[in-house]
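One-letter residues, chain by chain:
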Amino acid sequence: MKDAFILAVTQFNPAIADLKTNRDRILADADEARKQGAKILVTGELALSGYMLRDAVFEVALRPEDSFLDPFRSLSREMTVIVGMAEVTSDHFYYNSALVFEDGEVIHRHRKVYLPNYGMFEEKRFFAEGDRIHAFDSRLGRLGVLVCNDMWHPMTTQLLGWDGAEMILAATASPTRGVSRDDVSDNTRVWRTFNRSAAKAVSAYVVQANLVGFQESIH
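About the cut-offs
- Residues numbered from 1 in each chain as written.
- Predicted model: local features only at pLDDT ≥ 70, side-chain atom pairs only at ≥ 80, totals over all residues.
- Heavy atoms only, no water.
- Buried < 20%, exposed > 50% of the residue type's maximum accessible area, 1.4 Å probe, protein only.
- Helix = DSSP H or I, 4+ residues; strand = E, 2+ residues; numbered from the N terminus.
- Pairing = 2+ DSSP bridges.
- Phe/Tyr/Trp six-rings, centres within 6.5 Å; stacked < 30°, edge-to-face > 60°.
- Axes fitted to C-alpha atoms, helices over the stretch in contact; angles between N-to-C directions.
- Contact = heavy atoms within 4.5 Å.

A. View of the pairing of strand E4 (residues 94-102). Burial of E4 is extensive: 9 of the 9 residues sit out of reach of the surface. Neither face of E4 is left uncovered, since the one carrying Tyr94, Asn96, Ala98, Val100 and Glu102 and the one carrying Tyr95, Ser97, Leu99 and Phe101 both have all their residues buried. Relative to E4, strand E3 (residues 80-88) runs antiparallel, the two sharing 8 bridges. Paired with Val83 across the strands is Leu99, a residue of E4. Hairpin remark: E3 followed by E4, antiparallel, with 5 residues in the connecting loop; positive phi at His92, about 70°. Examined bridge by bridge, E4 and strand E5 (residues 105-111) share 6 bridges and lie antiparallel to one another.

Right, here's the structure in full:
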């Protein structure tokens, strides 16, 4: 990394399909983080729209150039912002994406590659699969972004490491499974293992931003 800096993670319970409410929450948290000297803010998976969207994906998905995202462009002149959101392309493909705003523009976009489609998850019904994983240069150094289930495939972090990523930012919406000891959920322990293993394997920092609260019956 170029220099030491403060990094902020915002974890909240996004309102389903309410883009304005969620945008305002992200901007408010970003303002607080900026006051504390943060140079980068990371949000969870689909933080702009909420995770349990189903058919609402087709109503709330945005193109990166949409004017609704202009406040993030403005904010990014002061701090780098990673926003989890539903993205639609000009040829009507829908993606579970994380956009990186910096210096007034989108400098990187990661489209989730590994879409879960089992149990409570049905992402393949609504999203297309991303087809690339690569690092990118930012004013803070060389970064990589992944979305949730991408992290469960070790080769994704390895690819980012080979591509020179010094920090891997994971936007996630991982549900709670079991609390067996110390009031810590089983999947929290798994994520800690993943994150630490990836960090050691590729010699990079790993940052995770999850969602919190309940969406339907999922915690």
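B. View of the packing of aromatic side chains. Per the counting criterion, the structure on display carries 6 aromatic pairs. Note on Phe58 and Phe126: the rings are 6.3 Å apart at their centroids and 55° apart in plane angle, and the pair reads as tilted. With a gap of 68 residues between them, Phe58 in helix H2 (residues 57-60) and Phe126 in the loop between E5 and strand E6 (136-138) connect regions that are remote in the sequence. A relative accessible area of 42% means that Phe58 is categorised as partly exposed. Both rings, one in Trp191 and one in Phe194, keep their centres 6.1 Å apart while their planes meet at 85°; by these two values the pair is edge-to-face. With Trp191 and Phe194 both in helix H5 (residues 186-202), this residue pair falls 3 residues apart, about one helical turn. Trp191 sits in the buried class, given a relative accessible area of 3%. Each residue in the set Phe58, Tyr94 and Phe126 is aromatic and connected to the rest through ring pairs, giving one cluster.

C. The arrangement of the sheet that holds E4 in detail. Strand order in the open sheet made by the 5 strands is E1-E2-E3-E4-E5, with mixed pairing throughout. Edge positions in the sheet fall to strand E1 (6-9) and E5, since each has one partner strand and no second. Neighbour-to-neighbour, the strand axes of the sheet open up by a mean angle of 25°, direction not taken into account. Across the sheet, helix H1 (residues 19-35) is in contact with E1, strand E2 (38-42) and E3; its angle to E2 comes to roughly 155°.

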